[in-house]
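# Working through the structure, step by step
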Amino acid sequence: MVLRFCVFTLLCVAPTCFTYAVERPNILFCLADDWGWPHAGAYGDRVVATPAFDRLAREGVLFDHAYVSSPSCTPCRSSILTGQQFYRLGEGANLWSTLDIKHPNFMFLLRDAGYEIGHWRKAWGPGTWTASGYKEHPAGKEYGQKKGATLSGFEVFMKERNKSKPFCFWFGTSDPHRGYKKGTGQQSGIPVDQVRPPSFYPNSPEIKNDIADYYYEVQRWDSDVSKAIALLEQKGLLDNTIVVMTGDHGMPFPRCKGNLYDWGTRVPLAIRWGRNVKVGRTVNSFTSLTDLAPTFLEVVGLNIPEQMTGRSLVSLMQNPNSENVDPKRSFIVTGRERHTPAQAFPSMSGYPSRGIRTDKWLLILNHEPQLWPAGVPQGSTHKADQFSDCDGGPTRTFLLKNKDSRFYDLCFGKRPAVELYDNRADPDQINNLAENPEYSKTVNVLRDKLIAYLKETNDPRQSGEPITFYNFPYRGPRLKQSVKNGSNGK
């Protein structure tokens, strides 16, 4: 008996209910490493060229307020797989950790429903997936590009897969993660003179060239996705494939990656779904990458596990009025725990923070403001570099050489327990208003809303449960200070 994947699905979404009968769609999930908003042509960036992303936005839906759960690779990717806020995932809330198999995983749920799954290059991680019950990679079999071969991992998957099944493929990359080959941006034709650094950096040639090198890798990533889309077109599968393209957090620069400002948590997001959505629209409602798992499950007709805190985006994609902000999506919550053990030896703590972002405001609660947000100025538990929670590179080097500047303080200095920013007047979020009495009511209202959400979703920092984030090992490269002091570095 041949199993045919044609289902009748009933979707009830406000403001209307409708039915449709379709062949179960394929899913191509394209996730970059350290690619942040607004670095795509569809968002108005006129320096970086992203034709693949711009096409998906033009032929699908562009999300203008998409955010990660946590601006760090492993917790973000864990939250995407499970559809849950990162702080609910135990050890999975930290970088270089593991993911407990008890948490429902959308890739495995799709596989159990008859989907062929797999991934190429960086998917879940970094970490040790065998440590908490997984017998295979959480994103399925890895399809590598064999040495000397011309086929990409996705092409190998498409060639070898069971063609009687629909598929879900995690199309990963290490771009635009550091390190960069210095000068690649300018050499590739990127107009460095047109690069505009955010206002927490000086407008220096070193920093502009560093951003151009980052743009070069964004463009290389976009080119990879373009080839994948072309392959789907060639095989006649594009219109029945949901293509998602996004990044796991902001760019690997000071005050970006690892931070709760927009430059750390806000990411590009475009979704193309053939004729199932009204194309060319921009959704302004706040969305989280935790929403992707329940979205994939809903379009396939599967039940959404109650553990998932994310909410399906189907109604936003299919509601022609979703350019307006949905009252139920008027804010987003983000946070972080341990990125790396970057505090003074022998501490294994991170820089715990939670944030709430509305259209006008960003409120951040720093739970331990006595700590250094980017790591200590001297060598840390993680490595001997100063401020080791921040990726190295020309921008960081330039700022460290100019310590007597507000840019240095904004990127590396200690921060107060409460931060408040007016996103409209201060889009780069550098003028903290929290201590101004004029905004005390705003702080209180936002704090109450944030804490209510954290309690509702069982954040250990608000629920009264034991806080164990730093009891877990750092499963990354050996800790230099630990080795130096005779520890096993685990």
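Everything here concerns the structure above.
Keep in mind that what you see is a predicted model, and the values were worked out from it rather than measured. Numbering of residues starts from 1 in every chain and runs along the sequence as written. Local features are withheld for residues below a pLDDT of 70 in this predicted model, meaning they are given only at 70 or higher, and side-chain atom pairs are given and counted only at 80 or more; totals for whole chains, interfaces and linings count all residues. Note that the side-chain values use all heavy atoms of the structure and ignore hydrogens as well as water.

## Here's the deal with the overall build of the protein chain
Of regular secondary structure, the protein chain possesses 14 helices and 16 strands. Radius of gyration here uses only the C-alpha atoms, and the compact-globule reference equals 2.2 Å multiplied by the residue count raised to the power 0.38. In terms of overall dimensions, the protein chain is globule-like: its C-alpha atoms have a radius of gyration of 22 Å, near the 23 Å expected for 490 residues. Each principal axis of the C-alpha atoms in the protein chain carries an extent, and together these give about 70 × 55 × 50 Å. Throughout, a contact is declared for two residues whenever any of their heavy atoms are within 4.5 Å. Once local pairs closer than 6 in sequence are excluded, the contacts in the protein chain between residues at least 24 apart make up 71%. The Shrake-Rupley method, run with a 1.4 Å probe, gives the accessible areas here. Residue values count only the displayed protein chains as cover. As presented, the protein chain carries roughly 19,500 Å² of accessible surface, and 50% of it is formed by carbon and sulfur atoms. In this tally, Lys and Arg are treated as positive and Asp and Glu as negative; His is ignored, and so are the chain termini. Charge coordinates come from a single atom per side chain, which is NZ of Lys, CZ of Arg, CG of Asp or CD of Glu. For the protein chain, the centre of its 60 positive side-chain charges and the centre of its 50 negative side-chain charges are spaced 4 Å apart. Under the DSSP-based scheme used, a helix requires at least four consecutive residues in state H or I and a strand at least two consecutive residues in state E, with every element numbered from the N terminus.

## Regarding the packing of helix α1 (residues 51–59) against helix α6 (residues 205–234)
Between N-to-C directions, angles cover 0 to 180 degrees, with each direction set by a line fitted to C-alpha atoms, over the stretch in contact for helices. Where α1 meets α6, the axes come as close as 7 Å, and the angle between the chain directions of the two elements is 55°. Taken together, the axes of α1 and α6 lie oblique to each other. Contacts between α1 and α6 involve Pro 51, Ala 52, Phe 53, Arg 55 and Leu 56 from the first element and Asp 222, Val 225, Ser 226, Ile 229 and Glu 233 from the second. In terms of residue class, the contact of α1 with α6 is built from six nonpolar, one polar and three charged. If an angle is under 35 degrees, it is roughly parallel; if it is over 145, roughly antiparallel; if it lies from 65 to 115, roughly perpendicular; otherwise it is oblique. Ten residues, namely Ala, Val, Leu, Ile, Met, Phe, Trp, Tyr, Cys and Pro, are considered nonpolar, four, namely Asp, Glu, Lys and Arg, are considered charged, and the remaining ones, Gly among them, are considered polar.

## Considering the sheet that holds strand β10 (residues 269–272)
Strand pairing follows a simple DSSP-based rule, namely that at least 2 bridges must link the two strands. Across the sheet, seven strands lie side by side as β6-β7-β3-β8-β10-β4-β11; this open sheet has mixed pairing. Among the strands making up the open sheet, the edge pair consists of β6 (116–120) and β11 (281–283). Strand after strand, the sheet turns through a mean of 15° between neighbouring axes, direction not considered. By the bridge criterion, four bridges tie strand β8 (residues 241–247) to β10 in an arrangement that is antiparallel. Its bridge partner being in β10, Val 244 is matched across the sheet by Ile 271. On the sheet, α1 packs against β4 (61–63), β8 and β10 and is oriented at approximately 60° with respect to β10.

## Some words on the nonpolar core
In this structure, Phe 154 and Phe 171 are the most contacted members of the largest nonpolar core, which totals 61 residues. Top element by residues in this core is α6. It accounts for twelve residues. What is meant by a nonpolar core is a set of buried Ala, Val, Leu, Ile, Met, Phe, Trp, Tyr and Cys residues, joined one to another through side-chain atoms within 4.5 Å. Three labels apply to residues, based on accessible area from a 1.4 Å probe with only protein chains included: buried if under 20% of the type maximum, exposed if over 50%, partly exposed otherwise in between. Met 107, Leu 269, Ile 271 and Leu 313 belong to the second largest nonpolar core, which has 43 residues in total.

## What to know about the environment of Asp 428
Assignment of secondary structure puts Asp 428 in the loop between β16 (418–422) and α12 (440–456). Put simply, Asp 428 and Asp 262 are 166 residues apart on the chain and 7.5 Å apart in space, counted from C-alpha to C-alpha. Leaving out residues up to four positions away in the same chain, Asp 428 has contacts with Pro 198, Ser 199, Phe 200 and Trp 263. Side-chain atoms alone can form a polar contact between residues adjacent in sequence; in general such a contact is a pair of N or O atoms within 3.5 Å, and within protein one must be able to donate a hydrogen while the other accepts it. Within the structure, the side chain of Asp 428 is placed 3.0 Å from the side chain of Trp 263, a separation counted as a polar contact.

## Quick word on the pattern of salt bridges
Whenever a carboxyl oxygen of Asp or Glu lies within 4 Å of a side-chain nitrogen of Lys or Arg, that contact is scored as a salt bridge. As enumerated under the stated definition, the model contains 27 salt bridges in all. Where Arg 475 meets Glu 91, a salt bridge forms, and the shortest distance between an N and an O atom there is 2.6 Å. Linking Arg 475 in the loop between α13 (460–463) and α14 (480–484) with Glu 91 in the loop between α2 (73–82) and α3 (106–112), this pair joins segments that are 384 residues apart in sequence. Judged by its relative accessible area of 9%, Glu 91 falls in the buried class. In this structure, Arg 329 and Asp 291 form a salt bridge, with 2.9 Å as the shortest nitrogen-oxygen distance. With a gap of 38 residues between them, Arg 329 in the loop between α9 (314–318) and β13 (331–336) and Asp 291 in the loop between β12 (287–288) and α8 (292–300) connect regions that are remote in the sequence.

## Focus on the side chain of Arg 354
Mapping Arg 354 onto the fold places it in strand β14 (residues 353–358). Polar side-chain contacts of Arg 354 include one of 3.2 Å to the backbone oxygen of Arg 336. In this structure the side chain of Arg 354 is engaged in a polar contact, spanning 2.8 Å, whose partner is the side chain of Glu 337.

## Considerations on the packing of aromatic side chains
Only Phe, Tyr and Trp rings are paired, with Trp represented by its six-membered ring, and only when their centres lie within 6.5 Å; those with planes under 30 degrees apart are stacked, over 60 edge-to-face, the remainder tilted. Summed over the entire model, instances satisfying the criterion amount to 30 aromatic pairs. Aromatic side chains Trp 37 and Tyr 43 sit 6.3 Å apart centroid to centroid with 65° between the ring planes, which places their arrangement in the edge-to-face category. Across the pair, exposure class does not vary: Trp 37 and Tyr 43 are buried alike. Between Tyr 408 and Phe 412, the aromatic rings sit 5.4 Å apart at their centres with planes inclined by 65°, giving edge-to-face as the arrangement. Placement of both Tyr 408 and Phe 412 in helix α11 (residues 406–412) is noted, with a separation of four residues, approximately one turn of the helix.

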